[in-house]
Amino acid sequence: MPELPEVETVRRGLVDVMEGARIDHVVLSRPDLRFPLPERFAERLAGKRIEALGRRAKYLLADIEGGLVLAMHLGMSGSFRIESPQGAVVPGVFAHPRSAERLHDHVRFALTTRDGADASVVFNDPRRFGYMSLIEREGFDTHPHFSGLGIEPTGNALSGAALAPFFAGRTAPLKAVLLDQKVIAGLGNIYVCEALWRARLSPRRASGTIVRKDGTASQRLVRLAEDIRATIADAIAAGGSSLRDYRQADGSLGYFQHSFAVYGREDEPCKRDDCRGVVRRIVQSGRSTFFCPVCQR
DNA sequence: CAAGCGACCTGACGGC
DNA sequence: TGCCGTCAGGTCGCTT
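Residues numbered from 1 in each chain as written. Chains lettered and ligands numbered in written order. Predicted model: local features only at pLDDT ≥ 70, side-chain atom pairs only at ≥ 80, totals over all residues. Heavy atoms only, no water.

What follows is about the protein's contact with DNA strand B. Around DNA strand B, the neighbouring residues are Leu103, His104, Pro126, Arg127, Arg128, Phe129, Arg170, Thr171 and Ala172. For DNA strand B, the fraction of atoms within 4 Å of the protein that belong to sugar or phosphate moieties is 63%. Measuring from a phosphate oxygen of DNA strand B, one finds a side-chain N or O atom of arginine 128 at 2.7 Å. Within the contact set of DNA strand B, a phosphate oxygen lies 2.6 Å away from a side-chain nitrogen or oxygen of arginine 170. Here the surface near DNA strand B is built from residues that sort into four nonpolar, two polar and three charged. (Near = heavy atom within 4 Å. Polar contact = N/O pair within 3.5 Å; in protein donor to acceptor, adjacent residues only side chain to side chain. Nonpolar A, V, L, I, M, F, W, Y, C, P; charged D, E, K, R; others polar.)

Quick look at the structure:
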């Protein structure tokens, strides 16, 4: 999926249309995505105003008038696009390659924006790993999807001290622990690889080895926390362009335009100055890891 | 409990 | 041209 930077980019693309808009009706193409859609999903949203569009980890969260939160997860292949009544894609937002434009449209929110214009926000998801749920705002934090979520990597909360308890004593490789949403919420396969390169740490290193014996963070863990934050901040600033099917405002299709240091660069030279290493690809818990075996230790 | 792995689903791409 | 294998941003749940 879209990892956190991509979800944040999607949020920014949707916020002007969705915030303050009224949901006139909701059209579903099927009763389920990855999970069944909530009971009476369309009925519970129709006529309600969207008070705010936020994000937590990789979830988009729409605060709905009356105390509900609409939580939306993009899975691996989910995307949104905005349509005007004429069916035109509003520039600057998120869109799929034209060939797939409508085939996997699953949810359509027909809106009246706060300016009184008609617009639709359409959720498209070929693989259907995405999902939506409706949660009472009261007690939101205890909901199974959210109660266990770890630290947001966008703010001051992510620090070596905060990470230390999750790393202490763990034999699992750094790659696995950083992918664990209960530890840091929002990292995915690409940005874990990138952050570990930035921190010069091997994805295979046992997580417990960057914690001191007394359980506090080592300097390496402190730096890792900083490097994760920098990696995510840079990716958000770049517009979360790790998506193959991200479309630029002018309609041109981007393809991994963010220049990754290691992800997808197997057999290519390490980008670190003065490093002669070559990027390697290995498989960890069934997923590709890219790293430089020379400068990442 | 931690850790590993298959499952879920569709599409794109490379090799033959 | 077509068929087959492999791979892809995630996460859930079962097995060791």
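Moving on: the UniProt feature "binding site: DNA" (unreviewed entry) in chain A. Mapped onto this numbering, the UniProt entry gives "binding site: DNA" (unreviewed entry) at His104, Arg127 and Arg170. Owing to a relative accessible area of 47%, arginine 127 belongs among the partly exposed residues under this scheme. The contacts of arginine 127, once residues within four sequence positions are left out, are Met76 and Ser77. If you trace the backbone, arginine 170 turns up in the loop between α4 (160-167) and α5 (174-179). (UniProt positions renumbered as here; feature names shortened; annotations may be inferred. Buried < 20%, exposed > 50% of the residue type's maximum accessible area, 1.4 Å probe, protein only. Contact = heavy atoms within 4.5 Å. Helix = DSSP H or I, 4+ residues; strand = E, 2+ residues; numbered from the N terminus.)

Once that is clear, we can look at the pairing of strand β6 (residues 105-112). Extensive coverage of β6 is indicated by the burial of seven of its eight residues. For strand β1 (residues 22-28) and β6, the ladder comprises six bridges, and the chain directions are antiparallel. In the sheet register, histidine 25 faces β6, and the bridge partner there is alanine 110. Bridge count between β6 and strand β7 (residues 118-124): seven bridges; the pairing is antiparallel. Directly across from phenylalanine 109, in β7, lies its bridge partner valine 121. Hairpin geometry of β6 and β7 is characterised by an intervening segment of five residues between the two adjacent antiparallel strands and by a positive phi of about 90° at glycine 116. (Pairing = 2+ DSSP bridges.)

As summarised here, the arrangement of the four strands in space is β2-β3-β4-β8, forming an open sheet in which the pairing is antiparallel. Strands at the two margins of the open sheet, each flanked by one partner only, are β2 (50-56) and β8 (131-136). Strand-to-strand, the axes of this sheet are offset by a mean angle of 20°, without reference to chain direction. Across six bridges, the pairing between strand β3 (residues 59-64) and strand β4 (residues 68-73) is antiparallel. Across the sheet, leucine 60 pairs through a bridge with methionine 72, a residue of β4. Packed onto the sheet, helix α1 (residues 4-18) meets β2 and β3 and runs at close to 170° relative to β2. (Axes fitted to C-alpha atoms, helices over the stretch in contact; angles between N-to-C directions.)

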